[in-house]
Amino acid sequence: LDIGSSSIMLLLVAYNSTNGKMEIINEFGAITGLGYNVEESGIITNEAITRTIDACIEVINIAKETGVEKIITVTSSSMKKAKNRTDFIIACQSKLNIFSNFLTEQEEAKLIYKGVASKFEQLDTPVVIVEIGGNYSYISFGASGRMIKSLVLPLGVFDYRKICNSNYSYNRVAALDAYISANFNEFALELNNWLEKRNPVFLWSGGMASAFVGVSLGKNNLKRKDVEGTTFSINELKRVLNIINNCPEQ
């Protein structure tokens, strides 16, 4: 059970202890907005906690009906910054009877890379992965299943929504500009040097990627097969972005 700042996702798998492989059986998710405004206020609202816990109860009950034996729960690294994160931990323990581990930013980046690049582990194919989360964005690169380096940017879907609605504080903009200036240029240079004379695969993952696929296909309800392997041209990405820009309330 992955509790993100924007949404939750429960991945139900069957684990084969003989060969160590996992087979995906089903998955269930919901958009809960747990981390909305946490970067600025430092507080998870009671409404967001209740909304997230209720959604977790629903997906956990579905999993239990299938006879699930073990539930492993992780929570987005961005939630560690919340001053009242203990309230959320207590709610998880009292309502769900589970203890959720808070990931570090680098742990999250490594897990994203491992999950997204898993189909390329046996190939010597360089991959560049981008994931836009609720509060953070992750850019990483590597090959043969090994991540070489990652960059975590404190800029996510929530920021994008506020920019679209012109509801953005100057302090937040200044903080983002300073962080990107201090961290992005060096990373971009290293990435460019690594990409030289390579033919990488660019992979996009996460809720924002699914949203783009949904808009592109004109579908509200997506399944894994709708999203996985979908290829975008730059022109199609621009077209979908223009559609999203024209309806910021969504």
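Structure: above.
## Some points on the overall build of the protein
Summing up its helical and strand segments, the protein has 9 helices and 9 strands in all. The C-alpha radius of gyration computed for the protein amounts to 19 Å, which stays within 12% of the reference 18 Å derived for 250 residues, consistent with globular compactness. In terms of overall dimensions, the protein has a C-alpha envelope of 50 × 50 × 35 Å along the principal axes. Long-range contacts, defined as pairs at least 24 residues apart, comprise 61% of the intrachain contacts of the protein with a sequence gap of at least 6. Element-wise, carbon and sulfur atoms account for 51% of the exposed surface of the protein, whose accessible area totals about 14,900 Å².

## Thoughts on the packing of aromatic side chains
For any two aromatic rings, the description comes down to two numbers: the centre-to-centre distance and the angle of the planes. For the structure shown, the criterion picks out 5 aromatic pairs. On the basis of an interplanar angle of 80 degrees and a centroid distance of 6.4 Å, the ring pair of Y136 and Y138 is categorised as edge-to-face. Classification of Y136 by relative accessible area gives buried; the value is 3%. Ring centres of F141 and F187 lie 5.7 Å apart, and the angle between their planes is 55 degrees; on these two criteria the pair is classed as tilted. With F141 in strand 7 (residues 137–143) and F187 in helix 6 (residues 170–195), this residue pair connects regions lying 46 residues apart in the sequence. Judged by relative accessible area, F141 falls into the buried class, the value being 0%. A relative accessible area of 3% places F187 in the buried class.

## Some details on the sheet that holds strand 8 (residues 146–153)
The sheet built from 4 strands is open, its strands ordered 8-7-6-9 with mixed pairing. Each having just a single partner strand, strand 8 and strand 9 (201–205) make up the two edges of the open sheet. Pairs of neighbouring strands in the sheet enclose a mean axial angle of 15 degrees, with direction left out of account. Examined bridge by bridge, strand 6 (residues 127–132) and strand 9 share 5 bridges and lie parallel to one another. The residue bridging I129 from the neighbouring strand is L203, located in strand 9. Against the sheet, helix 4 (residues 105–116) engages strand 6, strand 7, strand 8 and strand 9, with an angle of about 130 degrees to strand 8.

## Notes on the sheet that holds strand 3 (residues 21–31)
On the basis of which strands lie adjacent, the open sheet formed by 5 strands has the order 3-2-1-4-5 and mixed pairing. The open sheet is flanked by strand 3 and strand 5 (101–102), the only strands paired with a single partner. For strand 1 (residues 2–3) and strand 2 (residues 7–16), the ladder comprises 2 bridges, and the chain directions are antiparallel. Residue pairing in the sheet places D2 in a bridge with M9 of strand 2.

## Quick word on the pattern of salt bridges
Applying the stated rule across the entire model yields 4 salt bridges. With a shortest N-O distance of 3.3 Å, K219 and D226 are connected by a salt bridge. K219 gets classed as partly exposed once you look at its relative accessible area, which sits at 35%. Assessed through its relative accessible area of 16%, D226 is described here as buried.

## Examining the pairing of strand 8
Looking at chain direction, strand 7 and strand 8 are connected through 7 bridges and run antiparallel. Note that in strand 8 the partner of F141 across the bridge is K149. Two successive antiparallel strands, strand 7 and strand 8, enclose a turn made up of 2 residues, where S144 displays a positive phi of approximately 55 degrees.

## Regarding helix 3 (residues 85–96)
Taking 1.5 Å as the rise per residue, helix 3 with 12 residues should run 16 Å; its terminal C-alpha atoms sit 16 Å apart, in good agreement. Taken together, the buried positions of helix 3 are F88, I89, A91, C92 and L96. Looking straight down helix 3, one finds that the buried residues subtend no more than 160 degrees of arc, so they occupy a single side. Tucked into the core, helix 3 has its buried residues touching strand 1, helix 2 (46–65), strand 4 (74–75) and strand 5. Where helix 3 terminates, the next one or two residues include N97, which has phi positive at roughly 60 degrees.

About the criteria used
- Residues numbered from 1 in each chain as written.
- Predicted model: local features only at pLDDT ≥ 70, side-chain atom pairs only at ≥ 80, totals over all residues.
- Heavy atoms only, no water.
- Helix = DSSP H or I, 4+ residues; strand = E, 2+ residues; numbered from the N terminus.
- Rg over C-alpha atoms; globule rule 2.2 N^0.38 Å.
- Contact = heavy atoms within 4.5 Å.
- Areas by Shrake-Rupley, 256 points an atom, 1.4 Å probe, with all protein chains shown as cover.
- Phe/Tyr/Trp six-rings, centres within 6.5 Å; stacked < 30°, edge-to-face > 60°.
- Buried < 20%, exposed > 50% of the residue type's maximum accessible area, 1.4 Å probe, protein only.
- Pairing = 2+ DSSP bridges.
- Axes fitted to C-alpha atoms, helices over the stretch in contact; angles between N-to-C directions.
- Salt bridge = Lys/Arg side-chain N within 4 Å of Asp/Glu carboxyl O.
- Expected span 1.5 Å × (residues − 1).
- Arc of directions from axis to C-beta.

Don't take any of this as a statement about function, it's just geometry.
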